[in-house]
Amino acid sequence: MADILPTYTTPRELAARLGASPRFVSDTVRELGAFCKIGQKVIMLDHHVVSFLEAMECRSKSSRGATSTVSGAQLPDGDYEALLEQRTKGSRKGSRQKPKQKSGNVISMGRAQR
């Protein structure tokens, strides 16, 4: 009878084997939906473990090697001074800022003297 049951693990057992936090593994497994729930017991079949491990792969660009950052766009015409003037020219888009209102006199609101 044991031959018909697929091999499985629990998030807690997987965390122990990976040396990771049980809470992290449980939360991630729940987010991915990579589990089966039987009553209150949560189990992970082989394909669930594979899905979990694929989601944990490092997606850092630095591990892929250097990539070219050269764009195919043509540089704008003009010398440095013309480009600098173009960049520093004020933009007229949007509304202008209003000056702050000056504060008025402070009047005491104490009790009236008789």
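Our subject is the structure that appears above.
Everything in this summary refers to the structure shown in the same document. (Residues numbered from 1 in each chain as written. Predicted model: local features only at pLDDT ≥ 70, side-chain atom pairs only at ≥ 80, totals over all residues. Heavy atoms only, no water.)

1. So, the pattern of salt bridges
Piece 1. In this structure the tally under the stated criterion is 2 salt bridges.
Piece 2. Across the pair Arg23 and Asp27 runs a salt bridge, and its minimum N-O distance is 3.8 Å. Taken together, the residues Arg23 and Asp27, both in helix 2 (residues 22-32) and 4 residues apart, mark about one turn of the helix.
Piece 3. The exposed category is assigned to Arg23, whose relative accessible area is 64%.
Piece 4. In this structure, the salt-bridge partner of Arg30 is Asp27, at a minimum N-O distance of 3.4 Å. Linking Arg30 with Asp27, this pair stays in helix 2, spanning 3 residues, or about one helical turn.
Piece 5. Connected through shared salt-bridge partners, Arg23, Asp27 and Arg30 make up one network. (Salt bridge = Lys/Arg side-chain N within 4 Å of Asp/Glu carboxyl O. Helix = DSSP H or I, 4+ residues; strand = E, 2+ residues; numbered from the N terminus. Buried < 20%, exposed > 50% of the residue type's maximum accessible area, 1.4 Å probe, protein only.)

2. As for the sheet that holds strand 3 (residues 41-45)
Piece 1. With antiparallel pairing, 3 strands are arranged side by side in an open sheet as 1-3-2. Among the strands making up the open sheet, the edge pair consists of strand 1 (8-9) and strand 2 (36-38).
Piece 2. In the sheet, strand 2 pairs with strand 3 via 3 bridges, with the strands oriented antiparallel. Following the sheet pairing, Lys37 is matched in strand 3 by Val42.
Piece 3. Strand contacts of helix 3 (residues 46-55): strand 1, strand 2 and strand 3, with the helix running at about 80° to strand 3, the strand carrying the most contacts. (Pairing = 2+ DSSP bridges. Contact = heavy atoms within 4.5 Å. Axes fitted to C-alpha atoms, helices over the stretch in contact; angles between N-to-C directions.)

3. A word on the nonpolar core
Piece 1. Membership of the largest hydrophobic core is limited to 7 residues, which are Leu14, Ala15, Val25, Val29, Met44, Val49 and Phe52.
Piece 2. Residue assignment for this core shows that the elements contributing at least two residues are helix 1 (11-18), helix 2 and helix 3.
Piece 3. Dropping the residues within four chain positions of it, Met44 is found in contact with Thr7, Tyr8, Thr9, Thr10, Pro11, Leu14, Val29, Ala34, Phe35, Val49 and Phe52. (Core = buried A, V, L, I, M, F, W, Y, C linked by side-chain atoms within 4.5 Å.)

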